[in-house]
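# Inside the fold
What follows is the residue order along each chain.
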Amino acid sequence: MKIHFPYLFSLCLFLSASSAFAAKMPMPADAPTSYEAECASCHMAYPPGLLSEQSWKNVMSSLSKHFGTDASVDAKTQTEITNWLLKNAATRQKYSETAPENRITKTSWFIRKHDEVRSDVWKRAGIKSPANCGACHIDAAQGIFSEKNIKIPTK
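As a convention, each chain's residues are numbered from 1 in the sequence order in which they are written. Predicted model: local features are reported for residues with pLDDT of at least 70 only, side-chain atom pairs are reported and counted for 80 or more only, and whole-chain, interface and lining totals are derived from all residues. Water and hydrogen atoms play no part in the side-chain values, which are based on all heavy atoms of the structure.

## So, the overall build of the protein
Secondary structure elements are taken from DSSP: a helix is a run of H or I of four residues or more, a strand is a run of E of two residues or more, and numbering for both begins at the N terminus. A count of helices and strands for the protein gives six helices and zero strands. Along its sequence from the N terminus, the protein presents helices and strands in the succession α-α-α-α-α-α. We call a residue buried when its accessible area falls under 20% of the maximum for its residue type, exposed when it is over 50%, and partly exposed in between, using a 1.4 Å probe and counting protein chains only. When each of the 155 residues of the protein is scored for burial, the buried share is 33%. Any two residues whose heavy atoms approach within 4.5 Å are treated as being in contact. Pairs at least 24 apart in sequence give 58% of the contacts found in the protein among residues at least 6 apart. Per-residue accessibility takes into account occlusion by the displayed protein chains alone, with areas from the Shrake-Rupley method and a 1.4 Å probe. Of the roughly 10000 Å² of accessible surface on the protein, 58% is carried by carbon and sulfur atoms.

Structure below.
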């Protein structure tokens, strides 16, 4: 079987773009200051492309019971953040599922990417939870989740 160079080149480009996308999820430049001020005051400001529109709608409509915390904000701020999240929500199929319990960590792609992590690792003091991306992904705050830049805390 003879493989033509243009086909091989296209395949390599596709594969490298796919893995690059999986490793990079930068924060959109138009992030409202309220997103950083309100959401990142308690946890990492997750790139909106990590959840679907429906998942973000679910998250933003239940802020009074936000994963065990009252994260309510005023109506103007809620509308501003919600609109921005929906505008920048996941569109690629692997990220666009409605997340079980509206948790990034319960999505099939997250579970697949972290399937080698033992359950006791998540409980380490330096990690505390699968939702603490920055504990292991050293460039998570920049939206880079490359497997090349992982440092798993030993404690």
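## Describing the packing of aromatic side chains
The geometry of two aromatic rings is summed up by the distance between their centres and the angle between their planes. Geometry of aromatic contacts follows a simple scheme: Phe, Tyr and Trp rings, the Trp one being its six-membered ring, pair when their centres are within 6.5 Å, and the pair is stacked under 30 degrees between planes, edge-to-face over 60, tilted otherwise. Throughout the structure, instances matching the rule amount to three aromatic pairs. Taken together, a centroid distance of 4.9 Å and an interplanar angle of 50° make the contact between Tyr-35 and Trp-84 tilted. With Tyr-35 in helix 2 (residues 33-39) and Trp-84 in helix 4 (residues 75-87), this residue pair connects regions lying 49 residues apart in the sequence. Accessibility assignment for this pair places Tyr-35 and Trp-84 in one class, buried. Aromatic ring contacts, followed pair by pair, group Trp-109, Phe-110 and Trp-122 into a single cluster.

## Re the confidence of the model for the protein
On average, residues of the protein score 84 in pLDDT, and 84% of them reach the 70 mark or higher. Predictor confidence is given residue by residue as pLDDT, running from a minimum of 0 to a maximum of 100. Below a pLDDT of 50 lies the segment residues 3-21, which in the model reaches three contacts outside its immediate sequence neighbourhood of four places, other chains included.

## Digging into the nonpolar core
Formed by 29 residues in total, the largest nonpolar core has its most connected members in Tyr-35, Tyr-46, Trp-56, Leu-85 and Ile-104. Within the residue set of this core, elements represented by two or more residues are helix 2, helix 3 (53-60), helix 4, helix 5 (108-113) and helix 6 (119-122). Only buried Ala, Val, Leu, Ile, Met, Phe, Trp, Tyr and Cys residues count toward a nonpolar core, and they belong to the same one when joined by side-chain atoms within 4.5 Å.

## Focus: helix 3
Those residues of helix 3 that sit buried are Ser-55, Trp-56, Val-59 and Met-60. Down the axis of helix 3, the buried set is contained in an arc of 125°. They therefore lie on one face. Buried positions along helix 3 lie against helix 2 and helix 4. Here the arc refers to the set of directions running from the helix axis out to each C-beta atom.

## A few points about the pattern of salt bridges
By definition here, a salt bridge exists when the distance from a side-chain nitrogen of Lys or Arg to a carboxyl oxygen of Asp or Glu is within 4 Å. Enumeration over the complete set of coordinates arrives at five salt bridges. Between Arg-103 and Glu-101 there is a salt bridge, with the nearest N and O atoms lying 3.6 Å from each other. Overall, Arg-103 belongs to the partly exposed group, its relative accessible area being 31%. Under the relative-accessibility criterion, Glu-101 is labelled exposed at 55%. The network of salt bridges with common partners includes Glu-101, Arg-103 and Lys-106.

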